[in-house]
Amino acid sequence: GACNIAIAAAEKASQWEQAIAFMGAMQAQTVEPDIVSYNTLLASLASASAWRLALQSFDEVVAKQGLEVDTITMASSLEACAVGGQWQSALEILRRGSSQQVPLNVFGYCEAIRTLGPSPAWEAALDLCQQMAHNSVDRNLIFYNATVESFGKG
């Protein structure tokens, strides 16, 4: 409800500290954040390069009863990995998503490829490119840019 709107407004204004404060206020009032709350917070943290906090928030989502990781959770968490160069974390997020059968969207694939391409796990990025085709995920300009960028660094 209103708290999710406040978190989204903080995210749009690039005020990730405020987004965290709103999440804390929700929990202090015994209002349980839902997946929308966490996804918005994750997006805010990832875009602010606060990847450590984003990965901690991802772990909270996974640990919480009643919350299920979704496509947006995956994409935002993988974006945080890309920002922080955290290829091991990206592999773990992909593993968790796969075990829960959470599909990736084009953004999730692109962020994973951006993270894994220039890493020692670059073969996993190639596997993701093939997986995209197998899962009929459109390869768009974002995909091609991410692929060229990531393998160009390797």
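Look above for the structure.
Residues numbered from 1 in each chain as written. Predicted model: local features only at pLDDT ≥ 70, side-chain atom pairs only at ≥ 80, totals over all residues. Heavy atoms only, no water.

Undergrad: Explain the overall build of the protein chain here, please?
TA: From N to C terminus, the protein chain includes 9 helices and 0 strands. When the elements of the protein chain are put in sequence order from the N terminus, they spell out α-α-α-α-α-α-α-α-α. Each principal axis of the C-alpha distribution contributes one length, and for the protein chain these read about 45 × 30 × 25 Å. Taken over 154 residues, the protein chain has a buried fraction of 43%. For the protein chain, restricting intrachain contacts to residue pairs at least 6 apart in sequence, the fraction spanning at least 24 positions comes to 62%. Entry remark: accessible area of the protein chain is about 8,100 Å², with carbon and sulfur atoms responsible for 53%. Taking the 8 positively charged and 15 negatively charged side chains of the protein chain as two groups, their mean positions are separated by 4 Å. (Helix = DSSP H or I, 4+ residues; strand = E, 2+ residues; numbered from the N terminus. Buried < 20%, exposed > 50% of the residue type's maximum accessible area, 1.4 Å probe, protein only. Contact = heavy atoms within 4.5 Å. Areas by Shrake-Rupley, 256 points an atom, 1.4 Å probe, with all protein chains shown as cover. Lys, Arg positive; Asp, Glu negative; His and termini not counted. Charge placed at Lys NZ, Arg CZ, Asp CG, Glu CD.)

Undergrad: Honestly, the pattern of salt bridges in this entry has me stumped. Any pointers?
TA: It is possible for side chains of opposite charge to pair when their charged atoms get near one another. For the coordinates displayed, the defined rule picks out 6 salt bridges. With a shortest N-O distance of 3.0 Å, D59 and R96 are connected by a salt bridge. Of this pair, D59 sits in helix α4 (residues 51-63) while R96 sits in helix α6 (residues 87-99), placing them 37 residues apart in sequence. Residue D59 is classed as partly exposed on the basis of its relative accessible area of 39%. (Salt bridge = Lys/Arg side-chain N within 4 Å of Asp/Glu carboxyl O.)

Undergrad: Explain the layout of surface pockets to me, please; I cannot follow it from the model alone.
TA: With a probe scaled to a water molecule rolled over the atoms, the places where space remains empty come into view. The calculated volume of the largest pocket comes to roughly 260 Å³. Those elements that place two or more of their residues in the lining of the largest pocket are α6 and α8 (122-134). Looking at the lining of the largest pocket, its residues break down into 10 nonpolar, 4 polar and 1 charged. (1 Å grid on protein atoms, 1.4 Å probe; cavity = no way out; pocket = protein on both sides within 12 Å on 5 of 7 lines; lining within 4 Å. Points joined across faces, edges and corners; volume = space filled by probe spheres on them. Nonpolar A, V, L, I, M, F, W, Y, C, P; charged D, E, K, R; others polar.)

Undergrad: Is there a simple way to explain unusual backbone geometry in this structure?
TA: Excluding glycine, residues mostly have negative phi values, and the peptide bonds linking residues are mostly trans. The residue T30 is not glycine, and still its phi comes out positive at about 55°. The phi dihedral of S49 is positive, around 65°, even though this residue is not glycine. In this fold, S49 is placed in the loop between α3 (35-47) and α4.

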